[in-house]
Amino acid sequence: MLDVDQKHHLHPWEHMGSWKEGERYAFTRGDGIYVYDGAGRRLIDGPAGMWAVQIGYGRKEMADAIAAQVMELPYASPWSSTTAPAAALAEKVAAMAPENLNTVMFTTGGSTAVDTALRTMQFMNNRLGRPGKKIIIAREKGYHGSTYLAASVTGKERDKSCFDFEDRLVRFLPDVNPYIRPEGMSEAAWCDAKVDDLERLIADVGPEYIGAFIAEPVLCSGGVIIPPEGYHRRTLELCRRHDILYISDEVVTAFGRLGHWFASEEVFGIEPDIITCAKGITSGYLPLGACIISDRVMERMTGADHDVLFPNGYTYSAHPVCCAAALKNIEIIERDGLLEHVRAIAPQFQERLTALESSPIIGDARGMGLLGCLEGLIDGRNTPLDVQRTLGARLDEACEARGLIVRPLINMCVFSPPLTISPEQVDQMFDILTDAISEVEEEFAET
Ligand code: PMP
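Residues numbered from 1 in each chain as written. Predicted model: local features only at pLDDT ≥ 70, side-chain atom pairs only at ≥ 80, totals over all residues. Heavy atoms only, no water.

Focus on the sheet that holds strand S10 (residues 289-294)
Strand order in the open sheet made by the 7 strands is S4-S10-S9-S8-S7-S5-S6, with mixed pairing throughout. Looking at the sheet topology across the chains shown, the edges are occupied by strand S4 (101-107) and strand S6 (170-173). Averaged over all pairs of adjacent strands, the angle between strand axes in this sheet comes to 20 degrees, irrespective of strand direction. Both strand S5 (residues 135-139) and S6 contribute to a ladder of 4 bridges, which runs parallel. When the sheet's bridge partners are listed, arginine 139 is paired in S6 with leucine 173. Contacts from helix H8 (residues 187-205) reach S5, S6 and strand S7 (210-215), with the element oriented near 155 degrees to S6. (Pairing = 2+ DSSP bridges. Helix = DSSP H or I, 4+ residues; strand = E, 2+ residues; numbered from the N terminus. Axes fitted to C-alpha atoms, helices over the stretch in contact; angles between N-to-C directions. Contact = heavy atoms within 4.5 Å.)

What follows is the structure, given as structure tokens:
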């Protein structure tokens, strides 16, 4: 299987220098929090696929719900018709989202949900006769997807260097990570500084040119960065003051990762104008995303004054089989009390995570809910591990040899296991991480 794959399959984020030579896993099946590789080896899936498999692997109920919908109606054009699963899911998602967010446009994944959110802002401002109000403020290290517009607002340098993005439409704010704040600065002062960054940028660009601010509640792929207390509330206030849409990208944080359906309101106390989500909506069993739009926004782009199409959508918008999978997934999360489970188990998960900071090669161990990140450090608080030493990759190898997958990110590694993880499995996971860190520590001590 790997031979054929190497010959013909170009993977996402393929390293072109080692194309056809790079090492790959082949996973053959999954069960609970575990996946099995081609050799039959069982591994804990630390990142839950890619922050997605909330309910764990091997759920027969999901297979049954998907099969039933395939037999009933596998596809319908989303243009002028609807299907029972699409209507029911829209109602369900609107009920779970903050009170003012009641309109759902389904997409094929997270990138297309972000694209739809940004195009909604463009459409609204064009309809309101202010075509100049289009600039999007995004954040360094943020990740929002791989379509042209979603990638344009992504702030990860490595991902930006190879294409020509919509730079004229986007401005970036510097990193908000409290870990990099100057020595001695309080978290409250750091929050003031980060809110000032936004205020200054709005003043520099001119609020009449700015259409949206996009932020992940916890910035995930950039290294599980938790903003300082009050940051989201204060940035939302600034956006409201200047009529800038606040887009909360909950592609990772929605559907239970932080113990709630959505983190914006329930964890961070804000009601955004638009929420984007994907991944956990089906637990990754099938691809689906959603862009959830507030009544405030919908009112400004619909009705008698707007006799025009909203030309956005996909052949697979509201795909009935994906919607049926999402409904079953949500039913399982509700029935099995997984949100409550995450809230109950998160303290143990975070306590074990924080304990790893005692290692001399770990600079910061941070997380929230069932999200965790280890950031490497050798000497001095703000001196990241030499990139050449790639702590993430070494920890990944050492963990994998012990039966745990983590996701390496240069000198970090992140993890977000299935929400079904038990207290014993949390211990098992962190015991492996502890051992792996000791091995890597020794190796670094020798060099
Ligand atoms: N937004 C965020 C916050 C994400 O983490 C991701 C994917 N990791 C995306 C958008 C893009 O989602 P997709 O890969 O499903 O297009």
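A few points about the domain arrangement of the protein
By the assigned domains, the protein splits into domain 1 (1-58 + 337-446) and domain 2 (63-336). Domain 1 and domain 2 are separated by 26 Å when their C-alpha centres are compared. Listed by partner, the interface residues are 37 residues for domain 1 and 40 residues for domain 2. Surface buried jointly by domain 1 and domain 2 totals about 3,100 Å² across both partners, of which 59% is contributed by carbon and sulfur atoms. The interface formed by domain 1 and domain 2 holds 0 salt bridges in total. Taken together, domain 1 and domain 2 are joined by 18 residue pairs in polar contact (both at pLDDT 80 or more). Where the side of domain 1 that touches domain 2 is concerned, the elements lending two or more residues are helix H2 (48-51), helix H13 (338-355), strand S11 (362-368), strand S12 (371-376), strand S14 (407-409) and strand S15 (412-415). The element that contributes the greatest number of residues to the side of domain 1 that touches domain 2 is S11, accounting for 5 residues. (Domains from an automatic or database assignment. Buried area = accessible area lost by both parts, 1.4 Å probe. Salt bridge = Lys/Arg side-chain N within 4 Å of Asp/Glu carboxyl O. Polar contact = N/O pair within 3.5 Å; in protein donor to acceptor, adjacent residues only side chain to side chain.)

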